[in-house]
Amino acid sequence: KLTLGEIASKCNISASELCRSFKRAMHRTLFDYITDLRLRKSIELIDEGKSVTEAAQSSGFFDSSYYTKMFKRYMGRTPREYIKSKKD
């Protein structure tokens, strides 16, 4: 688990400045960026044959309903639908 405070501390800036600077440079929030990275990693793990639960937890998602919601927003389908489409 990452917290905003931990990331800001590593960068030696305040949490609010980190958020402002990141959004200015990347044109998206730090939270959106981290979620995107975690989802991409979970998809790699699923493609390697890991279970949905294992892929989610290994990627930093510890709430399965939240993971499914974010996965569907990102991929347009649930993790199970994604796996089924890969088999077809």
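Relevant structure appears above.
Below you will find a few notes about this structure. No experiment lies behind these values; they were computed from the predicted model shown.

1. A look at the environment of Asp88
Logical step 1: Structurally, Asp88 is set in the segment after helix H6 (79-87).
Logical step 2: In sequence terms Asp88 and Gly49 are 39 residues apart; their C-alpha atoms lie 15 Å from each other.

2. Concerning the layout of surface pockets
Logical step 1: Empty space within the largest pocket amounts to approximately 370 Å³.
Logical step 2: Mapped onto the lining of the largest pocket, the elements with two or more residues apiece are helix H1 (4-11) and helix H3 (30-47).
Logical step 3: The element that contributes the greatest number of residues to the lining of the largest pocket is H3, accounting for five residues.
Logical step 4: Grouping the amino acids of the lining of the largest pocket by side-chain chemistry returns 10 nonpolar, four polar and three charged.
Logical step 5: Taken together, 13 residues make up the lining of the second largest pocket; nearest its centre are Val52, Thr53, Ser64, Tyr67 and Thr68.
Logical step 6: Contributing elements (two or more residues each) for the lining of the second largest pocket: helix H4 (52-58), helix H5 (64-75) and H6.

What counts and what doesn't
- Residues numbered from 1 in each chain as written.
- Predicted model: local features only at pLDDT ≥ 70, side-chain atom pairs only at ≥ 80, totals over all residues.
- Heavy atoms only, no water.
- Helix = DSSP H or I, 4+ residues; strand = E, 2+ residues; numbered from the N terminus.
- 1 Å grid on protein atoms, 1.4 Å probe; cavity = no way out; pocket = protein on both sides within 12 Å on 5 of 7 lines; lining within 4 Å.
- Points joined across faces, edges and corners; volume = space filled by probe spheres on them.
- Nonpolar A, V, L, I, M, F, W, Y, C, P; charged D, E, K, R; others polar.

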